[in-house]
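# Coordinate inspection notes
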Amino acid sequence: MQNTQHAMFVSLCLSALAGASAGLLFGLPAWGAIAGLLGWGSYQIRQFQKLQAWLQRNDGTAPPEATGYWGELLDELARTQKTDRGREQSLQAVIRRFHQSSAALQDGIVIVDRNNNLEWWNRSADKLLGLKASSDRGKPVINLLRDPRFIRYFRKGQYAEPLELPSPVNNDLHLQYQITSFGEGDRLLVARDITRLVRLEQTRQDFVANASHELRTPLTVIRGYVETFMDQDLPRPLARAMGQMQAQAKRMESLVNDLLLLSRLESSNHIADEHQIQLRPMLEQIHQDALVLTQTQEKDQAISLQLDSRFDLAGQELELHSAFSNLVFNAVRYTPARGTIVLRWWTDASGGHFSVTDDGIGIDSIHIPRLTERFYRVDESRSSSSGGTGLGLAIVKHVLVRHGAHLSIDSRPGKGSTFSCHFPPEMLVSSAERAGSQTG
């Protein structure tokens, strides 16, 4: 570039000098210099016009012929243009490849910009989400996916867990939404069709529910006959066998009832009949039932109840009673004799909390992530002898999910355990407000 500037300056000076020399012949050197400069300028303008016309064509043709620094400039521009055209073709090939591969995906993929507007999506998103390229590009995503649950999930910004919802264009399709943040505030939304998995899960739930329901009648008959025989004066070996049969029949009946309850809880992640629950009488009743259980098992445990009466809960009372009692009765079953159990309900800025703390044998950390699985046993022999069904914590987990809450477990071998239920602030109801509404 510096050589070109130097060549142009030399050319300008030579043109002025040539014009002045020619003008000297007529005694007008100044006018001759001006004429030389005008001729030099006209030449530069013509060359620039040729350059501009060639650049505007941009059709890959060779640059116009020129000599000197104009020729060097045109050759350099031609090389740069050829390189840029090669890069452009390469990028276009990559983009075409990306569009072809994304169009072949069964999952809907949507790119949402930092302003929450739709920027791009693939063909499957048209089918699963009902997006239209002709009218929806650039519109806010929450204006097109209007389910309140999706809007809360999108705005919350916590995308560690996916969200499952029916498709906005077909209720028979079930979608799983997964959002990933990238760039500077951009988000990638993936919508996956999980209809087949949902139907398989529904089939499993229906099978369990139907099988459990069908087992209730024969169990009732068996238990009735066993109780009838137990009322008779039986020989000691037969009486012992009848007693074991009665205990196992009761255990099977409890198992069937828990399976039916769990099947009902799994049918929906949301409660339909939400009410204001008075926690004090419910927890006091669970406390009394726990005292009866520890006396029955002759464990002589100390069970205390600590209540914060400022707030109650909104939800389904029978479900919460089942969840809380499962935690409490587990503590009674698995805490040794003369142990201590503390039931506690309190509230703070993060919401409401119910915990059950014992000083029992504790649980190794490797078991804690799987405790809420169905029939998972930390110790098979100890669990079977306790009379539990293996479904208690699974029921607790599903009840809490339906109430927007979650379960945390803190336990160490030999140090006891604490099972805590954490409810969001929106599920709390002021006790004074409830009392006022009842009085009114």
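Before going into details, it helps to say that this report is about the structure given with it. Chains are numbered independently. Their residues run from 1 in the order of the written sequence. Note on the predicted model: pLDDT of at least 70 is required for a residue's local features to be given, and 80 or more for side-chain atom pairs to be given and counted; whole-chain, interface and lining totals, by contrast, use all residues. Calculated side-chain values reflect all of the structure's heavy atoms, with hydrogen atoms and water omitted.

This brings us to the overall build of the protein. Helix numbers and strand numbers start at the N terminus; a helix is a DSSP run of H or I with at least 4 residues, a strand a run of E with at least 2. Within the protein one finds 13 helices and 13 strands. Based on C-alpha atoms, the radius of gyration is set beside the globule rule, defined as 2.2 Å times the residue count to the power 0.38. Scaling as 2.2 N^0.38, a compact globule of 440 residues should have a C-alpha radius of gyration of about 22 Å, whereas the protein reaches 40 Å, well beyond that. Taking all 440 residues of the protein together, 36% fall into the buried category. The contacts in the protein between residues at least 6 apart in sequence include a share of 58% that link residues at least 24 apart. What sets the accessible areas is the Shrake-Rupley method with a 1.4 Å probe; for residues, cover comes only from the shown protein chains. Total accessible area computed for the protein in this model is approximately 26600 Å², and 55% of it derives from carbon and sulfur atoms. Charge counting follows a simple rule: Lys and Arg are positive, Asp and Glu are negative, and His as well as the terminal groups are ignored. Charged side chains are reduced to one point each, which is NZ for Lys, CZ for Arg, CG for Asp and CD for Glu. Charge separation in the protein, taken as the distance between the mean sites of 47 positive and 48 negative side-chain charges, equals 5 Å. Three exposure classes are used, based on accessible area relative to the maximum for each residue type with a 1.4 Å probe and protein chains only: buried under 20%, partly exposed in between, and exposed over 50%. The contact rule is simple, with two residues in contact once any of their heavy atoms fall within 4.5 Å.

Looking now at unusual backbone geometry. The phi dihedral of Glu-298 falls on the positive side, at around 55 degrees, and the residue is not glycine. Residues other than glycine seldom take positive phi values, yet Arg-338 does so here, at roughly 60 degrees. On the secondary structure map, Arg-338 appears in the loop between α10 (317–334) and β9 (340–348). By relative accessible area, Arg-338 is classed as exposed at 66%.

Turning next to the pattern of salt bridges. Between side chains of opposite charge, pairing is possible as soon as their charged atoms come close. We count a salt bridge whenever a side-chain nitrogen from Lys or Arg sits within 4 Å of a carboxyl oxygen from Asp or Glu. One pass over the structure, following the stated rule, counts eight salt bridges. A salt bridge links Asp-147 to Arg-149; the shortest N-O distance between them is 3.1 Å. The class for Arg-149 is partly exposed, based on a relative accessible area of 28%.

It is worth spelling out the packing of α10 against helix α12 (residues 392–402) at this point. Relative orientation and spacing of two packed helices are given, respectively, by the angle between their axes and the distance between those axes. Running from N to C, α10 and α12 cross one another at 145 degrees; their axes reach a closest spacing of 9 Å. By crossing handedness, the relation of α10 to α12 is classed as left-handed. The residues of α12 that touch α10, namely those facing Glu-319, Leu-320, Ser-322, Ala-323, Asn-326, Leu-327 and Asn-330, are Gly-392, Leu-393, Ile-395, Val-396, Val-399 and Arg-402. Class assignment for the residues of the contact of α10 with α12 results in seven nonpolar, four polar and two charged. Interaxial angle, 0 to 180 degrees, is taken between N-to-C directions of lines fitted to C-alpha atoms, where a helix line uses only the stretch in contact. Here a crossing is taken to be left-handed if its near helix is turned anticlockwise relative to the far helix by less than a right angle, and right-handed if that turn runs clockwise. By the convention adopted, Pro, Cys, Tyr, Trp, Phe, Met, Ile, Leu, Val and Ala count as nonpolar, Lys, Arg, Asp and Glu as charged, and the other residues, Gly among them, as polar.

A few words now on the sheet that holds strand β6 (residues 275–277). Pairing between two strands requires that DSSP report at least two bridges joining them. Pairing within the open sheet is antiparallel, and its three strands lie in the order β6-β8-β13. Single-partner strands in this sheet number two, and they are β6 and β13 (428–430). This sheet shows a mean twist of 40 degrees between the axes of neighbouring strands, independent of strand direction. Inspection of the sheet shows β6 paired to strand β8 (residues 311–315) by three bridges, in the antiparallel sense. In the sheet register, Ile-277 faces β8, and the bridge partner there is Leu-313.

Here we come to the pairing of strand β12 (residues 416–423). β12 sits mainly inside the fold: eight of its eight residues count as buried. Along β12, one buried face is formed by Gly-416, Thr-418, Ser-420 and His-422 and the opposite face, lined by Ser-417, Phe-419, Cys-421 and Phe-423, is buried too. Bridge count for strand β11 (residues 406–412) against β12 is seven bridges, and the pairing is antiparallel. Among the inter-strand pairings, Arg-412 is bridged to a residue of β12, identified as Gly-416.

What follows deals with empty space enclosed by the protein. Here the term cavity refers to a set of points on a 1 Å grid, laid over the protein atoms alone, in which a 1.4 Å probe fits but cannot get out; the term pocket refers to an open set having protein on both sides within 12 Å along at least five of seven lines, with lining residues being those that place an atom within 4 Å of a point. Grid points are joined across faces, edges and corners, and a volume is the space filled by probe spheres set on the points. Counting across every chain of the model gives one cavity of 30 Å³ or more. Approximately 30 Å³ is the volume attributed to the largest cavity. Along the walls of the largest cavity sit Val-110, Leu-118, Leu-129, Leu-131, Val-141, Leu-144, Leu-145 and Leu-189, which together make up its complete lining.

Right, let's talk about a nonpolar patch on the surface for a bit. A patch consists of residues whose relative accessible area exceeds 30% and which take part in no salt bridge; residues with like charges are grouped when within 9 Å of each other, and nonpolar side chains (Val, Leu, Ile, Met, Phe, Trp, Tyr) when within 5 Å. A grouping of Leu-25, Phe-26, Leu-28, Trp-31, Ile-34 and Leu-38 is seen on the molecular surface, where their side chains present a nonpolar patch of about 770 Å² in accessible area. Among the secondary structure elements, Leu-25 is positioned in the loop between α1 (2–24) and α2 (29–57).

As a further point, take the nonpolar core. Counting residues in each nonpolar core, the largest one holds 43 residues, and the members touching the most others are Leu-313, Phe-324, Phe-354 and Phe-423. No other element matches α10, which puts seven residues into this core. The contacts of Phe-324, once residues within four sequence positions are left out, are Leu-279, Met-282, Leu-283, Ile-286, Leu-313, Phe-354, Cys-421 and Phe-423. Ranked by size, the runner-up nonpolar core spans 22 residues in total, among them Leu-128, Tyr-159, Ile-179 and Ala-191. What makes a nonpolar core is a set of buried Ala, Val, Leu, Ile, Met, Phe, Trp, Tyr and Cys residues whose side-chain atoms join them at distances within 4.5 Å.

Quick look at the side chain of Arg-187 now. By the element assignment, Arg-187 lies in strand β5 (residues 186–193). Salt bridges are absent for the buried Arg-187, whose nearest opposite-charge side chain, Asp-113, sits at 7.1 Å. For this analysis, a polar contact is any N or O atom pair within 3.5 Å, provided that within protein one partner can donate a hydrogen and the other can accept it, and provided that sequence-adjacent residues contribute only side-chain to side-chain pairs. Among the polar contacts listed, one links the side chain of Arg-187 to the side chain of Asn-116, at a separation of 2.3 Å. Dropping the residues within four chain positions of it, Arg-187 is found in contact with Val-110, Ile-111, Val-112, Asn-116, Phe-154, Tyr-159, Ile-179, Thr-180, Ser-181 and Phe-182.

Moving on, we come to the sheet that holds strand β2 (residues 118–121). Sheet architecture is open: five strands sit in the order β2-β1-β5-β4-β3, paired in antiparallel fashion. Each of the sheet's edge strands pairs with one partner strand only, and the pair in question is β2 and β3 (163–166). Pairwise comparison of adjacent strand axes, ignoring direction, gives a mean angle of 25 degrees for this sheet. By the bridge criterion, five bridges tie strand β1 (residues 108–112) to β5 in an arrangement that is antiparallel. Within the sheet, the bridge partner assigned to Ile-109 lies in β5 and is Val-190. Here helix α6 (residues 148–156) sits on the sheet in contact with β1, β3, β4 (174–182) and β5, set at roughly 155 degrees to β3.

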